[in-house]
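Commentary on secondary and tertiary structure
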Amino acid sequence: MKKKYDVYGIGNALVDLEFKIDEQFLTEHKVEKGLMTLVDEETQFRLINSMMQTDTVRKSGGSAANSMIAISQFGGKSFYSCKVANDEFGDFYMKDMREAGVDTNLDKQEREDGVTGKCLVMITPDADRTMNTFLGATSNFSVKELDENAIKDSQYIYLEGYLTTSPNGVEAMMKAKKIAEDYRVKTSITLSDPSIAKFFKAQFTDVIGASVDLIFCNEEEAKTYTGKDNLEEARQAMKKDARRFVITQGKNGAMIFDGDTFIDIEAYDVKAIDTNGAGDMYAGAFLYGITNGMSYAEAGKLASLASSRIVSQYGPRLKTPEAHEVLRRLK
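Residues numbered from 1 in each chain as written. Predicted model: local features only at pLDDT ≥ 70, side-chain atom pairs only at ≥ 80, totals over all residues. Heavy atoms only, no water.

If you check an unreviewed UniProt entry, the protein chain appears there as Sugar kinase from Roseivirga ehrenbergii. In its Sequence similarities (unreviewed entry) section, the UniProt entry covering the protein chain states "Belongs to the carbohydrate kinase PfkB family." (UniProt positions renumbered as here; feature names shortened; annotations may be inferred.)

What follows is the structure in structure tokens.
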């Protein structure tokens, strides 16, 4: 019997605020380039005020949220469990997710007082993205936000690696994986960021357990997580934790292990102006593909084309007609 949802995701709920800056700004404010750094609200507020920009792009985000939105835009069905506060940004987040066609737990649960999390995304001229994140309400994401019925009615669950920074988040990830296993739902996880893969390796080990069905990561995350110096050794080591995995390699495409063989996916040659959301789109497009009849090679090609469109524009998502055009190009 067909499941209601292709993918059920859990992760942080953050309102993304995107700014274009130069590298001197990062140096002056001692912001580490190219990474996601957790900051307090005061620090984030100070950085935003220092930019003095008015053309801010505001979107509902969080890494896994971007992936669930991508699935919906391609024509799939996704669910997202997350946590926002009962404030103006929380209202915006709920409305934006609803308009994106993603079902959430937010419509069923009363929101608590507090501050909704925000992610300050700073784009430099080399298209790199640097993120400073104030988690706010999402730092208290827990098993209470899980929807067991939605999990069991999904083909896959997708766990956001950023949740490993919180004990409650780790507990929720492990609980979601256990529910999925009980109902024979497959589990996928993303390593999220090199710093997360490095400093929260023990938490990833707890969540992954003996193995998961699918891991998403980039080349640096794969080497950091496995402790290997080169990709060849890293990809062999990854087999211990995942039955299948995807390693994205930027302009060099991606490497997919389908459980038997390695598949090389070529990148599409585009001028990158903003890499924010590229990995999220890759995961979302790939998951859409494999839950809607595509082979791993076909899903990899879809994900490569979709993420190439993301990096050639500002912002972490496509418009729905653009997603449909990506699908048509592959037919």
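Moving on to unusual backbone geometry. If you check the backbone angles, R184 has positive phi at about 60 degrees while not being a glycine. Positive phi values are uncommon outside glycine, yet S192 reaches one of about 75 degrees. Within the element layout of this structure, S192 appears in the loop between strand 10 (186–190) and helix 7 (194–199). S192 sits in the buried class, given a relative accessible area of 9%. (Helix = DSSP H or I, 4+ residues; strand = E, 2+ residues; numbered from the N terminus. Buried < 20%, exposed > 50% of the residue type's maximum accessible area, 1.4 Å probe, protein only.)

On to the environment of E23. Take E23: it is sitting in helix 1 (residues 23–28). Distance from E23 to D126, taken between C-alpha atoms, is 9.2 Å for residues 103 residues apart in sequence. In contact with E23, other than residues within four places in its own chain, are K33, T124 and D126. (Contact = heavy atoms within 4.5 Å.)

Here we come to the sheet that holds strand 5 (residues 78–81). Spatial strand order, 6-5-1-9-10-11-12-13-14: nine strands in an open sheet with mixed pairing. The two strands at the open ends of the sheet, each matched to only one other strand, are strand 6 (103–104) and strand 14 (262–265). Pairing of strand 9 (residues 154–160) with strand 10 involves five bridges; the strand directions are parallel. Bridge pairing in strand 10 places E160 opposite T190. Each of strand 1 (5–10), strand 5 and strand 9 touches helix 3 (residues 63–74); the most contacted strand, strand 5, lies at about 160 degrees to it. Here helix 12 (residues 296–311) sits on the sheet in contact with strand 9, strand 11 (212–218), strand 12 (242–248), strand 13 (254–257) and strand 14, set at roughly 30 degrees to strand 14. (Pairing = 2+ DSSP bridges. Axes fitted to C-alpha atoms, helices over the stretch in contact; angles between N-to-C directions.)

Moving on: the pattern of salt bridges. Side chains that differ in sign of charge can pair as their charged atoms come close. What the rule picks out here adds up to 16 salt bridges. With a shortest N-O distance of 3.2 Å, D96 and R317 are connected by a salt bridge. Of this pair, D96 sits in helix 4 (residues 88–99) while R317 sits in the loop between helix 12 and helix 13 (320–330); the two residues are 221 residues apart in sequence, bridging distant segments of the chain. Considered together, D96 and R317 belong to a single accessibility category, that of buried residues. The partner of D107 in a salt bridge is R98, with the nearest N and O atoms 2.7 Å apart. Relative accessible area serves as the criterion here: at 47%, R98 is assigned to the partly exposed category. It is possible to trace a salt-bridge network through shared partners that takes in K33, D126 and D128. (Salt bridge = Lys/Arg side-chain N within 4 Å of Asp/Glu carboxyl O.)

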